[in-house]
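Okay, here's what each chain looks like letter by letter:
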Amino acid sequence: MSVFPKGDFYTRHFQPSGKEETLVVNMGPQHPSTHGVLRIIVELDGEYILRCEPVLGYVHRMHEKMGENRSWVQYWPNTGRVDYLHALAWNWAYAGAVEKLAGIEVPERAEYIRVITCELNRVSSHLLWWGAYLLDLGAFTPIMYAFDDREEIMDMLQMPTGSRLTYCYYRFGGVSADLSDEFLKRLSRFIPYLRSRLPMYRDLVTENVILRKRVEDVGHIDEDMCRRYGCTGPVVRGAGVAYDVRKAEPYSVYDRFDFRIPTYPEADAFARYMVRMDEIEESLKIIEQAIATIPDGPYLSKSAPKPKWSAPKGEACFAVEGARGKITYYVASDGGRTPYRVKLRSPSYCNLSCFAEAAKGVILADAVSILGSLDLVIPEIDR
Amino acid sequence: MGVIKEFAEALKGLKSLIVGLGITGKEFAKPGVTVHYPRKVVADKDLVTYRGHIELVGSKNDPAMPPCITCLMCQSVCPSGCIKIIKHPPPKKDPAADKNAPPEAYASGLEPKTKAAPPAKEKPVKTPKGFILDYNYCSLCGLCVQSCPVDSLRFSTEFYIADPSKKAFVYDLMARLKAQAGTATAKEKE
Ligand code: SF4
Ligand code: SF4
């Protein structure tokens, strides 16, 4: 034995199975299918996975601790960087938590603006997932179609928010800029366009026999498993449970819109795939209704906090439905200049934790398919 | 029966592949959507809403001077601490004696280091002496622009910026404003 022990902390704790014929390999931290820096230690018997263990923390940025050393308003940019693909949902969760804590009113128009932009962001997130998932499965071209449409969404979201990815758009008591008429016009043109593209997506990929073979009957995550690990979002809806925060505990103005929660009982990777594809349609439906009924008025409440504002004593918790599942912000204040505690509940973290169980005994190539079907955003897991 | 089923499935699969290939073919014939960057650039109208780094706005009377009143709000609200404003030193009782004194430096902290106005008869100069933005750390959140009481800040549409050195991203916004005002007047003269 050399002076330096082999491997790192995680591999040493993973090692002692003692079997001769198995092989322990690292998948990641840099692996194309993890879309970020996630490392999975896998014990392989031939092509089959005996057991595996995700190792996290490579992009840990201390979002919770950062909340404690900056003022309430200064925490805004952080919220957009937790999950960069559905940044507005995180924006919203923070806004909601603080508004609940301080009792700040949000004008009606602002609520509608939030719904429109957040749903648009959800569509773009699902489109990116769609492309990236197929990339994992070895199909390169679909991501180009997805990016073509997503580009249009990003161009549109750039109009009110000013940025294209890590939005910092919502504010306590509203949003930071109004939606222009041009934006609304462009958006109402875009919805039928994207709708007309969806059958193309179906013909190109969903019906494709190769995809079907790779996702059907792969990676079963059933209701019981979801319950044990706390999975939410498309994972739990893919297991046949119609749980969606927008319906379960309606926040903002979601109770005014008519939309369906797509569920599929098969609980495999294909069910999760279909849930997301259907969700794009549902989001478009919500946006359409919101555009039709958006009221006039201010986009930022008059009593919106000033930059030096700090929240009154107390605590609050607010949950929204992100593209990946239930996002929760918990904020506690002792009345001081900075938050006393900011806690983030990220859906990807819970969704990932069931991977080790779901991937037991499958072929390595299927593990990639399972991992992709969970739609993980690694910075969100590490926070 | 099993064989027939297998065949039917294979045929269905084959059809799905051909349909997919048809879509790919159609898309192949369409014009590309990529902007080939160095040869083509994004149209200016698409940049109107783009948030580049912040810049100062010229005031109505003097386009080379911002309406900024050095309230230091932007400096204290910035989460990344990337704005540094240098104030004009407050007028001294005996200006000749303190001529060479260095300008007061303000550490970029959360709390503005404003001092009570000196009891001098001369009116203190409100416009900033220097306005330095360290764009390396800016997160483009827009809080500074939003919190400025006199609307002295806005976002530029600058995004063709790349440099191997970090120093290139420390901008002197006062100089930038002056240069902008200079080109604007030059254009008017033409
Ligand atoms: S945009 Fe945000 S990070 Fe950038 S200078 Fe302004 S306040 Fe600071
Ligand atoms: S730019 Fe605006 S916020 Fe910043 S010091 Fe000047 S007046 Fe105050």
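Residues numbered from 1 in each chain as written. Chains lettered and ligands numbered in written order. Predicted model: local features only at pLDDT ≥ 70, side-chain atom pairs only at ≥ 80, totals over all residues. Heavy atoms only, no water.

A. The arrangement of the overall build of chain A in detail. Per the secondary structure count, chain A includes 16 helices and 8 strands. Its C-alpha atoms give chain A a radius of gyration of 22 Å, near enough to 21 Å, the size a compact globule of 383 residues would have. Counting only C-alpha atoms, chain A reaches 70 × 50 × 35 Å along its principal axes. In chain A, buried positions account for 59% of the 383 residues. Within chain A, residue pairs in contact and separated by at least 24 positions form 72% of the contacts whose partners lie at least 6 positions apart. On chain A, roughly 15,000 Å² of surface is accessible, and the fraction owed to carbon and sulfur atoms is 55%. Charge centroids of chain A, computed over 47 positive and 51 negative side chains, lie 6 Å from each other. (Helix = DSSP H or I, 4+ residues; strand = E, 2+ residues; numbered from the N terminus. Rg over C-alpha atoms; globule rule 2.2 N^0.38 Å. Buried < 20%, exposed > 50% of the residue type's maximum accessible area, 1.4 Å probe, protein only. Contact = heavy atoms within 4.5 Å. Areas by Shrake-Rupley, 256 points an atom, 1.4 Å probe, with all protein chains shown as cover. Lys, Arg positive; Asp, Glu negative; His and termini not counted. Charge placed at Lys NZ, Arg CZ, Asp CG, Glu CD.)

B. Quick look at the layout of surface pockets. If you add up the space inside the largest pocket, you get close to 1,300 Å³. Taken together, 38 residues make up the lining of the largest pocket; nearest its centre are Glu-151 and Asp-155 of chain A together with Val-33, Thr-34 and Val-35 of chain B. Mapped onto the lining of the largest pocket, the elements with two or more residues apiece are α6 (142–161) and α7 (181–206) of chain A together with α1 (2–29) of chain B. (1 Å grid on protein atoms, 1.4 Å probe; cavity = no way out; pocket = protein on both sides within 12 Å on 5 of 7 lines; lining within 4 Å. Points joined across faces, edges and corners; volume = space filled by probe spheres on them.)

C. Geometry of the site of ligand 2. Residue and element names in this part refer to chain B. Around ligand 2 sit 14 residues, and of these Cys-68, Cys-71, Leu-72, Cys-74 and Cys-148 come closest. Taking a 2 Å distance to the grid points as the criterion, the majority of the atoms of ligand 2 fall inside the second largest cavity. By residue class, the composition of the shell around ligand 2 is 12 nonpolar, 2 polar and no charged. (Near = heavy atom within 4 Å. Sits in = over half its atoms within 2 Å of the grid points. Nonpolar A, V, L, I, M, F, W, Y, C, P; charged D, E, K, R; others polar.)

D. Representation of the site of ligand 1 in the model. Residue and element names in this part refer to chain B. Taken together, Cys-78, Pro-79, Ser-80, Cys-82, Ile-83, Leu-133, Cys-138, Ser-139, Leu-140, Cys-141, Gly-142 and Cys-144 make up all the residues around ligand 1. In this structure the site holding ligand 1 corresponds to the largest cavity. Its residues placed into classes, the shell around ligand 1 shows 9 nonpolar, 3 polar and no charged.

E. Here's a closer look at the interface of chain A and chain B. Taken together, the contacts link 30 residues of chain A with 29 residues of chain B. Buried area between chain A and chain B, summed over both chains or domains, comes out near 2,400 Å², and the portion from carbon and sulfur atoms is 56%. Here chain A is connected to chain B by 0 salt bridges. Here chain A and chain B share 8 residue pairs in polar contact (both at pLDDT 80 or more) between them. Put simply, the parts of the chain that give the side of chain A that touches chain B at least two residues each are α3 (76–79), α6, α7 and α8 (209–215) of chain A. (Buried area = accessible area lost by both parts, 1.4 Å probe. Salt bridge = Lys/Arg side-chain N within 4 Å of Asp/Glu carboxyl O. Polar contact = N/O pair within 3.5 Å; in protein donor to acceptor, adjacent residues only side chain to side chain.)

F. The nonpolar core, seen in detail. Residue and element names in this part refer to chain A. Formed by 88 residues in total, the largest nonpolar core has its most connected members in Ile-116, Leu-187, Tyr-273 and Tyr-329. Sort the elements by how many residues they give to this core and helix α5 (residues 108–136) lands first, with 12 residues. Beyond its immediate chain neighbours, meaning those up to four positions away, Ile-116 contacts Leu-179, Phe-183, Leu-184, Leu-187, Ile-287, Ala-290, Ile-291 and Ile-294. Val-42, Val-218, Ala-356 and Ala-358 belong to the second largest nonpolar core, which has 31 residues in total. (Core = buried A, V, L, I, M, F, W, Y, C linked by side-chain atoms within 4.5 Å.)

G. Spotlight on the pairing of strand β3 (residues 48–55) of chain A. All names here are of chain A. Summarising the sheet, strand β2 (residues 39–45) and β3 pair through 7 bridges and their orientation is antiparallel. Paired with Val-42 across the two strands is Cys-52, which belongs to β3. The turn joining β2 and β3, which pair antiparallel and follow one another in sequence, is formed by 2 residues; a positive phi near 65° is taken by Gly-46. (Pairing = 2+ DSSP bridges.)

H. A look at the sheet that holds strand β5 (residues 170–172) of chain B. All names here are of chain B. One open sheet accounts for 3 strands, arranged β2-β3-β5; its pairing is antiparallel. This sheet does not close on itself; its edge strands, each paired only once, are β2 (83–86) and β5. Going across the sheet, the axis of each strand differs from the next one's by a mean of 15°, ignoring polarity. Taken together, the 4 bridges between β2 and strand β3 (residues 130–134) define a ladder with antiparallel strand orientation. Its bridge partner being in β3, Ile-83 is matched across the sheet by Leu-133. (Axes fitted to C-alpha atoms, helices over the stretch in contact; angles between N-to-C directions.)

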